[in-house]
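Chain by chain, the residues:
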2 protein chains.
Amino acid sequence: MATLADIGVSAAFNIISALAFLVAFAILRLQPFNDRVYFPKWYLKGLRSSPTRDGAVLSKFVNLDYRSYLKFLNWMPDALRMPEAELIDHAGLDSAVYLRIYLLGLKIFVPITLLAFAILVPVNWTNDTLKKSDLNYSEIDKLSISNIPPGSQRFWTHLVMAYAFTLWTCYILYKEYGLIASMRFHFLASEHRRPDQFTVLVRNVPPDPDESVSELVEHFFLVNHPDHYLTHQVVHNANTLAKLVKKKKKMQNWLDFYQLKYSRNPSERPTTKTGFLGLWGARVDAMDFYTAEIDKTIEQVTAERERVTNDPKAIMPAAFVSFKTRWGAAVCAQTQQSRNPTLWLTAWASEPRDVYWPNLAIPFVSLTVRRLIIAVAFFFLTFFFMIPIAIVQSLANLEGIEKSAPFLRPIIEMHFIKGVIQGFLPGIALKLFLIFLPSILMLFSKIEGFTSLSALERRSASKFYIFQLVNVFLGSVIAGTAFQQLHSFIHQSANDIPKTIGVAIPMKATFFITYIMVDGWAGIAGEILRLKPLVIFHLKNFFLVKTEKDREEAMDPGSIGFNTGEPQIQLYFLLGLVYAVVTPILLPFVLVFFGLAYVVFRHQIINVYNPEYESGAAFWPDVHGRVLVGLVISQLLLMGLLSTKEKAQTTPVLLALPVLTIWFYYYCKNRFESAFTKYPLQEAMMKDTLERVREPNLNLKGYLQNAYIHPVFKGDDDDESVEVIDEWEKESLVPTKRQSRRNTPLPSKYSGSSSPSLPEVVHEKAQGV
Amino acid sequence: MATLADIGVSAAFNIISALAFLVAFAILRLQPFNDRVYFPKWYLKGLRSSPTRDGAVLSKFVNLDYRSYLKFLNWMPDALRMPEAELIDHAGLDSAVYLRIYLLGLKIFVPITLLAFAILVPVNWTNDTLKKSDLNYSEIDKLSISNIPPGSQRFWTHLVMAYAFTLWTCYILYKEYGLIASMRFHFLASEHRRPDQFTVLVRNVPPDPDESVSELVEHFFLVNHPDHYLTHQVVHNANTLAKLVKKKKKMQNWLDFYQLKYSRNPSERPTTKTGFLGLWGARVDAMDFYTAEIDKTIEQVTAERERVTNDPKAIMPAAFVSFKTRWGAAVCAQTQQSRNPTLWLTAWASEPRDVYWPNLAIPFVSLTVRRLIIAVAFFFLTFFFMIPIAIVQSLANLEGIEKSAPFLRPIIEMHFIKGVIQGFLPGIALKLFLIFLPSILMLFSKIEGFTSLSALERRSASKFYIFQLVNVFLGSVIAGTAFQQLHSFIHQSANDIPKTIGVAIPMKATFFITYIMVDGWAGIAGEILRLKPLVIFHLKNFFLVKTEKDREEAMDPGSIGFNTGEPQIQLYFLLGLVYAVVTPILLPFVLVFFGLAYVVFRHQIINVYNPEYESGAAFWPDVHGRVLVGLVISQLLLMGLLSTKEKAQTTPVLLALPVLTIWFYYYCKNRFESAFTKYPLQEAMMKDTLERVREPNLNLKGYLQNAYIHPVFKGDDDDESVEVIDEWEKESLVPTKRQSRRNTPLPSKYSGSSSPSLPEVVHEKAQGV
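Residues numbered from 1 in each chain as written. Chains lettered and ligands numbered in written order. Predicted model: local features only at pLDDT ≥ 70, side-chain atom pairs only at ≥ 80, totals over all residues. Heavy atoms only, no water.

- As named in an unreviewed UniProt entry, chain A is Calcium permeable stress-gated cation channel 1, taken from Stephania cephalantha.
- Its UniProt record gives chain A the following Sequence similarities (unreviewed entry) comment, quoted word for word: "Belongs to the CSC1 (TC 1.A.17) family."
- Quoted verbatim from the Subcellular location (unreviewed entry) heading of the UniProt record, the comment on chain A is "Membrane". (UniProt positions renumbered as here; feature names shortened; annotations may be inferred.)

Structure, rendered in structure tokens:
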């Protein structure tokens, strides 16, 4: 068991590394040549331009103004200064509300910490149970519930505190849910016109031998929504095309690289090998090779584009249907269209840039099968990951290392090294495991068939949370003690699990304190340094960038990464809630995490991240629910722990807590959740009416006509995309073959040109989260 | 443990009593003076009139035609002869689909029984484990899984059978769900115009200082559904009025009773006492007393009616809003209206006769609190009922009786009596307990705030099912064995529960066989006799009936009683599925139940029951789900049982079964459930279009104007109700006080007279189910 001194060493180590990161960041960010790494958001907004254009050569790269180094922590107040309304305007509601999760942590835990230190710590400290026992204990344990003798009346304090903490947490959660729901409504109401406000995604259009998908969709909605239907866009299966375009881009990068190399050293034409990664195969002239390859790919792209546009088989049984009013779209999105609920499935269309195109064609039946397969796969993933973690942690145990590698003994016995190993290694081992996980989970979610990036990220976040709960939290608690007290542990029944974990909880406090410092302090400080984007930007800048536009593309602003970030925060909520009653000394460490992370991420959101989508804080119900899961877990574990302390009469008193908490969850769900999933007709009607008054002559059809075109058709070469659009228009004028329906009105021939702003190709990014 | 002979005695006893009931029924039904008890449905349909009007005096009461007695089982083929389409027309879809639950039982269990007897019975029989052991066993146990030695390879047969039975059950369930969904759609599509097709129930209308509820509702829907809103009716709080009307009716009954008494014996004027139930107080002339009381009550009724009609406080914050088209109503019912999801709650209005008026005014916040309270109360109810049942069952144990009352010994030791006690008593004790239960559960559901009788019955059925599962099924299995093997049972963990129950399951087969015979055979045969309605009808007929109309009212056709009937069937599904693999000898008993019950209830539905409402088989998702719950329980128990048979490797193979079954549940839910909760826009549009073509000049407003009036305003005196309606119309013409809204169109002044047929006062009946 780690002593107070070990914790001290670990704390010092982590504080120093965190400070080092911050100082490095403070210096690096002042260098003009890093400007695009640390302020990409402003470049993307067009409010900042390269500082390299003017001034002396040296000052292009290095900041020589010594005064700016003196105020190296200046970014902190800067980050905090922007008011929330401006932040929403600057970075979107998603980002602003994401920051509020950290604020929520502070709001919940600051009063809890104060109360715990005022009441629980003295109550725990003024005992000498541990001193009397022959157990090996540290100073930290003296502050914990372990120091209270079994059967003591003092446990009633913990019980009252458990009630107080639960009530406070629920109160804050309730206020916050209401606030964010109203922020969302305000955001939606004050937002500018967006195509997704008028558009519904229709999936599983049934096959029809007589009509094309486009005709079928048009007729169906003209019949069933006669007063509201405006226009629609079919979805083309452009996955192959997207791949080809991506390939072309890669080739272009290589060509640029070699051209730059040649221009820097014109004496020698660069060569490459044709095989895998240029490692083997025949040696050829690189520039000629890639020029030829690019030409070949362009040909393929043209052919494929031709095929996708003309082949009816390339049209998926899905469409984006737009309505004349928001009211019409709200009605269509919230109702069932056809007798068979697996056909003509309607749902709000996501923002155009939020659509995850490859999943639009998955049929309904395969969806449930996919969910089943992924559920089973996820189960196995979650429970087989436990084995390596347990092994690593048992190795990180000092005695374990000494036994398995006795020659290391002299080194390990050194006081400082001992502290580092005990304080650092278990946390870092766990962290390493988790790095590879998010991509797998995102892949799982993609297989499940969600059609928007935001939904994919939310789903992955749920998976990641469960994984962390089982492996990081429970895994660390049980596996750790399992290797310590192996015998008593096997063959225990499900009934005793809260008891067993509850008992182990106080013993693992030091481990989790270390974990918080490594992951929460140093890790967050490392986040602001952006080491990986820094290196990659400079590599790209050196090897690939020729024009200002290339430099623009070399920037990788990244985004918050909800699917990994939020579950990480939830782990801190869980730790805070579980240890609030048991070992309150852990709370300040959690508080530091929330405070530091709030400042860091506020800075990043203002200066760096460029959100891939705007979901209007649709993730909040998940956040709320998971904090409550943490709360219920903490209550169950406390029940388990107290039932072993010869204080069995506390169990029924505590039993009311999870019941009330779960009820509170359902109450909030009824009260607020619909704000995040539905669009009230009153709101829609209000916005419609306002718009009709303000812009009576709006050409909505022109605005919506091409809003939902696969991003690959909107690539860099705009001529081609316009061409395709023209072809589509022609196609939509082909009269129906079915005689009886000839009299349904055809869409207006006029197609406006005011297409909404072109979204970036977004799903590349999503693949690699 | 009961021997085969005991079962024989019990079977004989139950078969004889069942036959006795059937013969009694066959004789009683032929007597003309019982005609209204056994054929009320036809009277209500106006297709049959009292046979007492013509013929000789004696033949008015007794059927003298001896030939009709010879074919006393004739009702059975008669009951089966009516085709299903005619049955739906005659009794409604609810009844027809309810019968299909019994058919479902036959479809599932006939093939399972055949397969089990062809394969499992021989496999079990050809062992001699029980003979070798020193256990006390009966012949029935030799046919069960208990007869197979631990670790035998023969268990693989049971495993394969478990898979076969699961697949077959799911297949049948899937087919049936699809069939019933399409029956429902067909029913809704072919149905005549009904007010509920156009109407939406709006609850939680927010209070407004400037406008009355009626004005507010009108303005809200004129603004937010401008093209579809037609009219609305506010809901009056007429609960006091309903009570007064009921009181008046009761007084009238007493008056009738005394008038009849006086007319039969004119020499003496009847007297009564004024106190409670006429048992004490001053003696007065009965007819004068009740005439005065009735006059007093009529005054109160008039005053209350006045108050309800004019007092704005008597108007509840709820309204029935009608739309011009089914499409408009479908849209409004399925969407969220206001930003706050707890205001302007919309849902499909139930049929007028299905509305449960007292619950219409419950505010949203109190709803979740009520649910919580009822959930806790239901938990305690469920788990405290176990204690008396366990005591009674332990007394019904022969040894228990002999010990507690040794003087009974000589009687008990008689062979016949012994069989009766062992075969009959445990079942009857359980049955007695259950008689008082449904009213409590219905009360619980009412407190939870459901607004329609059908929803109340469905909810009560869910509660009753859980209750039966815990107390009848698990309670019998565990408590019974708990009193037998007390020591080994206390202090077992949650993990071992399936194991413990699984092991006890084969031992309880004889108990459940007896239970099936008592409850399922004799009970069902007793149902057809209608003893209670028979007695009550003749009492009323003798004491109260003066006119033909009174006689009409004295009939009590009753209804199926979904809230008790369906959970009872589910118990048989559960028993059948659990014992199919373990003790297949139980299956024929279940089959007889399903067959007999099908014929009996088909007869009752055709000739007797008068449904209180028509929900269009909205209960099927519950039925489907509960059969699957039974299936999962059977799989878990089989896992538990096999894990004790030294055949641990079967557990992982069996584990896939519950996973697949639960997945199947979700698949079906996605695929079919919306057919029972939503109304697709395509269907609505189709029916609207048809109607517009067929009846272009329909005065829909007149049709809907008074459809949703509290039944108390539609009582026996039609003049008054018309008066009230007139007043309401006037009231709805009062112009709004709010200036800015003066320009919203007012409803047309014309009110048609073609109000839909007057529904009966239904909620009296519901109170007493």
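1. Thoughts on the overall build of chain A
Next up, step 1: Of regular secondary structure, chain A possesses 35 helices and six strands.
Next up, step 2: Going through the 769 residues of chain A one by one, you find that 54% of them count as buried.
Next up, step 3: A separation of at least 24 residues holds for 82% of the contacts in chain A among residues at least 6 apart in sequence.
Next up, step 4: With an accessible surface of roughly 33900 Å², chain A has 64% of that area assigned to carbon and sulfur atoms. (Helix = DSSP H or I, 4+ residues; strand = E, 2+ residues; numbered from the N terminus. Buried < 20%, exposed > 50% of the residue type's maximum accessible area, 1.4 Å probe, protein only. Contact = heavy atoms within 4.5 Å. Areas by Shrake-Rupley, 256 points an atom, 1.4 Å probe, with all protein chains shown as cover.)

2. Describing the pairing of strand S1 (residues 199-203) of chain B
All names here are of chain B.
Next up, step 1: With respect to burial, S1 is a largely interior element, five of its five residues being buried.
Next up, step 2: Both S1 and strand S6 (residues 345-348) contribute to a ladder of four bridges, which runs antiparallel. In the sheet register, Val202 faces S6, and the bridge partner there is Thr346. (Pairing = 2+ DSSP bridges.)

3. Describing the interface of chain B and chain A
Next up, step 1: In this complex, chain B contributes 43 residues to the contact, which on the side of chain A involves 43 residues.
Next up, step 2: Both sides together, the interface formed by chain B and chain A hides about 3900 Å², and carbon and sulfur atoms give 61% of it.
Next up, step 3: Across the chain B-chain A interface, the total number found is two salt bridges.
Next up, step 4: Notably, a salt bridge pairs Glu683 of chain A with Arg339 of chain B, separated by 3.0 Å at the nearest N-O pair.
Next up, step 5: Counting across the interface, chain B meets chain A through 18 residue pairs in polar contact (both at pLDDT 80 or more).
Next up, step 6: Looking at the side of chain B that touches chain A, the elements with two or more residues in it are helix H13 (213-224), helix H16 (326-334), helix H17 (364-384), helix H32 (650-677) and helix H33 (681-694) of chain B.
Next up, step 7: Here the element with the most residues in the side of chain B that touches chain A is H32 of chain B; it accounts for eight residues.
Next up, step 8: A per-class count over the side of chain B that touches chain A returns 22 nonpolar, 17 polar and four charged. (Buried area = accessible area lost by both parts, 1.4 Å probe. Salt bridge = Lys/Arg side-chain N within 4 Å of Asp/Glu carboxyl O. Polar contact = N/O pair within 3.5 Å; in protein donor to acceptor, adjacent residues only side chain to side chain. Nonpolar A, V, L, I, M, F, W, Y, C, P; charged D, E, K, R; others polar.)

4. With respect to the sheet that holds strand S2 (residues 229-236) of chain B
Residue and element names in this part refer to chain B.
Next up, step 1: An order of S2-S5-S1-S6 is seen for the four strands of this open sheet, with the pairing classed as antiparallel. The open sheet has two edge strands with one neighbour each: S2 and S6. Ignoring which end each strand starts from, the neighbouring axes of this sheet average 30 degrees apart.
Next up, step 2: Two elements, S1 and strand S5 (residues 315-323), share four bridges in a ladder whose sense is antiparallel. (Axes fitted to C-alpha atoms, helices over the stretch in contact; angles between N-to-C directions.)

5. Let's talk about unusual backbone geometry
Most peptide bonds take the trans configuration, and most residues that are not glycine carry a negative phi.
Next up, step 1: Positive phi outside glycine occurs at Asn204 of chain A, with the angle close to 55 degrees.
Next up, step 2: Summarising the element assignment, Asn204 of chain A is placed in the loop between strand S1 (199-203) and helix H12 (213-224).

6. Here's the deal with the sheet that holds S1 of chain A
Each strand in a sheet pairs with its neighbour through backbone hydrogen bonds, running either in the same direction (parallel) or in the opposite one (antiparallel).
Residues and elements named next belong to chain A.
Next up, step 1: Read across the open sheet, the four strands follow the order S2-S5-S1-S6; overall the sheet is antiparallel. The sheet is open, and its two borders are formed by strand S2 (229-236) and strand S6 (345-348), each paired with just one other strand. Strand-to-strand twist of the sheet, defined as the mean angle between neighbouring strand axes without regard to direction, takes the value 30 degrees.
Next up, step 2: Sheet topology places S2 next to strand S5 (residues 315-323); six bridges connect them, and they run antiparallel. The partner of Thr231 across the bridge, within S5, is Ser322.

7. Let's talk about the packing of aromatic side chains
Next up, step 1: Following the criterion strictly, the structure yields 69 aromatic pairs over all chains and no others.
Next up, step 2: Taking 6.4 Å as the distance between ring centres and 20 degrees as the angle between the ring planes, the aromatic pair formed by Phe221 of chain A and Tyr229 of chain A counts as stacked. With respect to burial, Phe221 of chain A and Tyr229 of chain A carry one shared label: buried.
Next up, step 3: An angle of 15 degrees between the planes, with centres 3.8 Å apart, marks the rings of Tyr572 of chain A and Phe593 of chain A as stacked. Placement of the pair is Tyr572 of chain A in helix H28 (residues 562-582) and Phe593 of chain A in helix H29 (residues 587-607), with a sequence separation of 21 residues. Each member of the pair Tyr572 of chain A and Phe593 of chain A is classed as buried.
Next up, step 4: Ring pairs connect the aromatic residues Tyr98, Tyr102, Phe109, Phe562, Tyr572, Phe573, Phe593, Phe594, Phe601, Tyr609 and Phe619 of chain A, which therefore count as one cluster.
Next up, step 5: The cationic tip of Lys508 of chain B hangs over the ring face of Phe511 of chain B; the distance from NZ or CZ to the ring centre is 5.2 Å. (Phe/Tyr/Trp six-rings, centres within 6.5 Å; stacked < 30°, edge-to-face > 60°. Lys NZ or Arg CZ within 6 Å of the ring centre and 35° of its normal.)

8. Let's talk about the state of the cysteines
Next up, step 1: Considering all chains together, one arrives at zero disulfides over all chains under this definition.
Next up, step 2: Here Cys668 of chain B stays unpaired: no disulfide links it, and the sulfur of Cys170 of chain B, its closest cysteine neighbor, is 7.7 Å away. (Disulfide = S-S within 2.5 Å.)

9. Comments concerning the relation of the copies chain B and chain A
Next up, step 1: If you rotate chain B by 180 degrees and push it 0.0 Å along the axis, it lands on chain A with an RMSD of 0.1 Å. Here the symmetry operator amounts to a two-fold rotation axis.
Next up, step 2: An overlap of 100% is found between the interface residues of chain B and their copies at the interface of chain A, pointing to a shared contact surface. (Least-squares fit on C-alpha atoms with pLDDT ≥ 70 in both.)

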